[in-house]
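Overview (structure and organization)
Residues per chain are reported as follows:
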Amino acid sequence: AMARACELADWHLREAARLANEALVPPSIRDAEILLDWLHGRGFDTITAAMLQKNGPGPLRRKMRLDPAVNALEEHGWLVPVDLSRRAWRVERPAP
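Attention in this report is confined to the structure presented alongside it. Keep in mind that what you see is a predicted model, and the values were worked out from it rather than measured.

Some words on the pattern of salt bridges
Applying the stated criterion to the full structure yields 5 salt bridges. Arg87 is the salt-bridge partner of Asp67, the closest N and O atoms lying 3.3 Å from each other. With a gap of 20 residues between them, Asp67 in helix 4 (residues 63-75) and Arg87 in the loop between strand 2 (79-81) and strand 3 (88-91) connect regions that are remote in the sequence. On the accessibility criterion, Asp67 (16% relative accessible area) is buried. Between Arg90 and Glu92 there is a salt bridge; the shortest N-O distance is 2.7 Å. On the basis of relative accessibility, which here comes to 23%, the residue Glu92 falls in the partly exposed class. One network of salt bridges, with partners in common, ties together Lys63, Asp67 and Arg87.

What follows is the structure in C-alpha cells.
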C-alpha cells in the first residue's frame, strides 16, 4: 500500500511540474506551435494571411491571435515572407 501511495504522489508531483511549465509558455508561442503543426499537417508550401484567417486553425483565425503566432514563426525561421507586404509566406519543413 505504501509503494502505491508513493507512486501516486510521484505522479501528482510530475503532473504539477508539467502544468507549471506549460503555464510559463507565452500564448503566442503556444499559438505558433498550433499553427506550425496545422501547416505541416496539411502540407502547405506557401500560405497567405487571408487563407489562414479563412481556413486556419479555429482559435487563430482572428488577427489578434494570428499575427503574434505568425511573427513568432517568422522569428524562428519557419515562415519566410515571399513579398514585401509580409502577408504571404513560404512554409519551411523540418529536416528529415
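Some thoughts on helix 2 (residues 27-42)
Helix length check: helix 2 (16 residues) gives 23 Å between terminal C-alpha atoms against 22 Å at 1.5 Å per residue, within 8%. For helix 2, the full list of buried residues reads Asp31, Ala32, Leu35, Leu36, Trp38 and Leu39. Looking down the long axis of helix 2, one finds its buried residues gathered within 160 degrees of arc, a one-sided arrangement. Pointing more than 90 degrees away from the buried face of helix 2 are the exposed residues Asp37 and Gly41. Contacts from the buried residues of helix 2 go to strand 1 (46-48), helix 3 (49-55), helix 4, strand 2 and strand 3.

Some words on the environment of Ala72
Inspection of the secondary structure puts Ala72 in helix 4. For Ala72, a relative accessible area of 6% translates into the label buried. Separated by 40 residues in sequence, Ala72 and Ala32 place their C-alpha atoms 6.3 Å apart. Those residues in contact with Ala72, other than ones at most four positions away along the chain, are Ser28, Ile29 and Ala32.

Regarding the environment of Ala95
Tracing the chain through its elements places Ala95 in the segment after strand 3. With 54 residues separating them in the primary sequence, Ala95 and Gly41 have C-alpha atoms 15 Å apart.

Concerning the nonpolar core
A general trend in soluble globular proteins is that nonpolar side chains are found buried together. One finds Leu35, Leu39, Ile47, Leu52, Val70, Leu79 and Trp89 to be the most contacted residues of the largest nonpolar core, which totals 17 residues. Listing elements by their share of this core, those giving two or more residues are helix 2, helix 3, helix 4 and strand 3.

Definitions and cut-offs
- Residues numbered from 1 in each chain as written.
- Predicted model: local features only at pLDDT ≥ 70, side-chain atom pairs only at ≥ 80, totals over all residues.
- Heavy atoms only, no water.
- Salt bridge = Lys/Arg side-chain N within 4 Å of Asp/Glu carboxyl O.
- Helix = DSSP H or I, 4+ residues; strand = E, 2+ residues; numbered from the N terminus.
- Buried < 20%, exposed > 50% of the residue type's maximum accessible area, 1.4 Å probe, protein only.
- Expected span 1.5 Å × (residues − 1).
- Arc of directions from axis to C-beta.
- Contact = heavy atoms within 4.5 Å.
- Core = buried A, V, L, I, M, F, W, Y, C linked by side-chain atoms within 4.5 Å.

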